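Take a look at the letters that make up each chain.
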Amino acid sequence: MDTVVTFKDLLILVIGVGIIILLISLIKLTATLIKTLKKTNAVLDDTQVITGIAAERTKEIDVAVGDTVSVVAGVAKSFKGRQGVVGSVTTLAAAVGAFRELLVDLGILSPKAAATADSEEAAGTGDIHENDYTGE
């Protein structure tokens, strides 16, 4: 018994094998795509959280900047001579306090350090003397 393979039969066999390989590749590609989409969704969820935090901080900073602007405007008025000496000192002290509060709100200065600086300024012990350092 002789089996004859024609060119047409060989071509159909090659096309069939090619289709099977293509299907396997598409299945692998789909699996990779699903993993990528899951990771992308996780990143987008994190982005939403970070955006919410940024919006909240922006509102806080906006309030702090608004307060600082009003204090600076008061200082500018005082330097223009529209307020008395006592008003100028009060405005200047308020500006320093607002600036310190802004630094605390932004996290640059810790609340404990701000309280320590306030108490040192009030007590007048902010100066460093030679006998304060032991050298050890």
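Only a predicted model underlies this, so the values are computations on that prediction, with no experimental measurement involved.

Conventions adopted
Residues numbered from 1 in each chain as written. Predicted model: local features only at pLDDT ≥ 70, side-chain atom pairs only at ≥ 80, totals over all residues. Heavy atoms only, no water. Helix = DSSP H or I, 4+ residues; strand = E, 2+ residues; numbered from the N terminus. Areas by Shrake-Rupley, 256 points an atom, 1.4 Å probe, with all protein chains shown as cover. Salt bridge = Lys/Arg side-chain N within 4 Å of Asp/Glu carboxyl O. Buried < 20%, exposed > 50% of the residue type's maximum accessible area, 1.4 Å probe, protein only. Patch = residues over 30% accessible without salt bridge, like charges linked within 9 Å, V, L, I, M, F, W, Y side chains within 5 Å. pLDDT = per-residue confidence, 0-100. Contact = heavy atoms within 4.5 Å.

Student: Looking at this structure, how should I read the overall build of the protein chain?
Tutor: From N to C terminus, the protein chain includes 3 helices and 0 strands. Seen in sequence order, the protein chain has helices and strands lined up from the N terminus as α-α-α. In the form shown here, the protein chain has an accessible surface area of approximately 11,600 Å², with 67% of it arising from carbon and sulfur atoms.

Student: Would you explain the pattern of salt bridges in this entry?
Tutor: Pairing between side chains becomes possible if they bear opposite charge and their charged atoms approach one another. Applying the stated criterion to the full structure yields 1 salt bridge. The salt bridge involving Arg-57 is made with Glu-60; its shortest N-O contact spans 3.3 Å. Placement of both Arg-57 and Glu-60 in helix α1 (residues 7–79) is noted, with a separation of 3 residues, approximately one turn of the helix. Accessibility expressed as a relative area gives 38% for Glu-60, which makes it partly exposed.

Student: So what exactly am I meant to see when it comes to a nonpolar patch on the surface here?
Tutor: A contiguous nonpolar surface patch, about 820 Å² in accessible area, is contributed by Phe-7, Leu-11, Ile-15, Ile-19, Leu-22, Leu-23, Leu-26 and Leu-29. Locating Leu-22 in the fold gives a position in helix α1.

Student: Help me understand the environment of Ser-70 in this model?
Tutor: Within the secondary structure, Ser-70 sits in helix α1. Judged by relative accessible area, which is 46%, Ser-70 ranks as partly exposed. Counting along the chain gives 25 residues from Ser-70 to Ala-95, while the straight-line C-alpha distance between them is 9.0 Å.

Student: Sorry, what's going on with the confidence of the model for the protein chain here?
Tutor: Per-residue confidence for the protein chain gives a mean pLDDT of 78, with 73% of residues at or over 70. Per-element averaging of pLDDT across the protein chain places helix α3 (residues 111–123) at the bottom with 55 and α1 at the top with 89. Predicted confidence for residues 124–136 stays below pLDDT 50, and this span has 3 contacts to residues more than four positions away or in other chains.

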